[in-house]
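Fold and contact review
This is what each chain is made of:
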Amino acid sequence: MGTDYPTTERNVPTRNPGRAHYDRATVHAILDSGFLCHLGFVRDGAPVVLPTMYVRHGEQIYLHGSTGSRPMLAGRGDEGLPVCVTVTHVDALVLARSAMHHSLNYRSVMVHGTARTVTDTDHKAAMLDALVERVAPGRSQDIRRADARELAATALLRVDLAEVSAKVREGGPNDDEEDLGLPHWSGIVPVRTVHGAPEPAADLDPSIPVPAYLGDLDRTLRTAAAGR
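Note that the structure is predicted; figures quoted are calculated from it, not measured.

With respect to the state of the cysteines
- Evaluated as defined, the whole model comprises 0 disulfides.
- For Cys37, which is in no disulfide, the shortest distance to another cysteine sulfur is to Cys84 and amounts to 10 Å.
- Looking at Cys84, the relative accessible area reads 21%, which means it is partly exposed.

Quick notes on helix H3 (residues 121-135)
- Taking 1.5 Å per residue as the helical rise, H3 with its 15 residues ought to reach 21 Å, and the 21 Å between its terminal C-alpha atoms agrees with that figure.
- Those residues of H3 not exposed but buried are Lys124, Ala125, Met127, Leu128, Leu131 and Arg134.
- Buried residues along H3 sit in contact with strand S3 (46-57), strand S4 (60-66), helix H4 (148-153), strand S7 (154-160) and helix H5 (217-226).
- Structurally, the start of H3 carries an N-cap: the backbone nitrogen of Asp122 is 3.2 Å from a side-chain oxygen of Asp120.

As for unusual backbone geometry
- Here Asn16, not a glycine, exhibits a phi torsion of approximately 50 degrees, which is positive.
- On the basis of relative accessibility, which here comes to 27%, the residue Asn16 falls in the partly exposed class.
- For Asp44, which is not glycine, the phi dihedral falls at a positive 55 degrees.
- The residue Asp44 is located in the loop between strand S2 (36-43) and S3 in this model.

Description of the pairing of S4
- With 4 bridges connecting them, S3 and S4 associate as antiparallel partners. Of the residues in S4, the one forming a bridge with Tyr54 is Leu63.
- What sits between S3 and S4 in their antiparallel hairpin is a turn of 2 residues, with Gly58 showing a positive phi close to 65 degrees.
- In the sheet, S4 pairs with S7 via 7 bridges, with the strands oriented antiparallel. Bridge assignment links Ile61 to a residue of S7, and that residue is Val159.

Observations regarding the nonpolar core
- If you look at the biggest cluster of nonpolar residues, it comprises 24 residues, and the most contacted ones within it are Leu31, Ile61, Leu63, Val83, Val85, Val109 and Val111.
- Elements with a contribution of two residues or more to this core: helix H1 (24-31), S2, S3, S4, strand S5 (81-95), strand S6 (103-117), S7 and strand S8 (163-169).
- Ranked by residues supplied to this core, first place goes to S5 with 4 residues.
- For Val111, the residues in contact, after removing those within four places along its chain, are Ile61, Val83, Cys84, Val85, Val159, Asp160, Leu161, Glu163 and Val164.
- Among the nonpolar cores identified, the runner-up in size contains 9 residues, and Tyr62, Val118, Leu128 and Leu156 belong to it.

Thoughts on the pattern of salt bridges
- In the structure shown here, the tally under the stated rule is 11 salt bridges.
- Here Asp91 ties to Arg107 by a salt bridge, and the two come within 2.8 Å at their closest N and O atoms. Of the two residues, Asp91 is situated in strand S5 and Arg107 in strand S6; the sequence distance between them amounts to 16 residues.
- Arg219 serves as the salt-bridge partner of Asp216, at 3.1 Å between the closest nitrogen and oxygen.
- The exposure class of Arg219 is exposed, given its relative accessible area of 52%.
- Sharing partners across several salt bridges, the network here consists of Arg144, Asp147 and Glu150.

Let's talk about the environment of Leu95
- Within the secondary structure, Leu95 sits in strand S5.
- For the pair Leu95 and Thr154, spaced 59 residues apart in sequence, the C-alpha separation works out to 43 Å.
- In contact with Leu95, not counting residues within four places along its chain, are His102, Pro173, Trp185, Ser186, Gly187 and Val189.

Conventions and cut-offs
Residues numbered from 1 in each chain as written. Predicted model: local features only at pLDDT ≥ 70, side-chain atom pairs only at ≥ 80, totals over all residues. Heavy atoms only, no water. Disulfide = S-S within 2.5 Å. Buried < 20%, exposed > 50% of the residue type's maximum accessible area, 1.4 Å probe, protein only. Helix = DSSP H or I, 4+ residues; strand = E, 2+ residues; numbered from the N terminus. Expected span 1.5 Å × (residues − 1). Contact = heavy atoms within 4.5 Å. Polar contact = N/O pair within 3.5 Å; in protein donor to acceptor, adjacent residues only side chain to side chain. Pairing = 2+ DSSP bridges. Core = buried A, V, L, I, M, F, W, Y, C linked by side-chain atoms within 4.5 Å. Salt bridge = Lys/Arg side-chain N within 4 Å of Asp/Glu carboxyl O.

From the geometry alone we can't say anything about function, so treat these as descriptive.
Here you go:
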């Protein structure tokens, strides 16, 4: 296995191809920085895009869903379900002197492939634990695990990371030279997702303390992502 994913007709962007990345380190880092993706597929001849949770494990991503949902049902077939999975992080608003050159700094990954339903019960349980760990490292050891009935009601789709690309924009605005003297502020406004203080459920026993792993979830997630 090489360090880069192969380029194909579908994963080379037609606009700003210089922002594309195919190395596994970049792709994995972007995927491991989130847990929400958008799953695109065709249903009854029309495109559908669904938000869902995911986790990367090696060279596969696993998507969470209900056993009765259309993509999960379609993934059971021998041919699987052709899909496009996207993950995007917005890092900054890019404000230029002209409307034309306003933009975003972002990191994104697009995966083309065939989604297949995970049928092995032990593997499904392990990947569901991994999904919980992705959201809050340490949580899977601090909860009641899914029983047989709950596992049967939960589905996972597996998509191989084979036809993949990342796209990244960094830096400030790209104003036209003739606009540089205009009296308008330009620059970037950083955008960050932060976790607030944990809020207990209304029916929680007040003697149960906040788990240590939730004390600084932002740092915990950064540490976990760096170790993957």
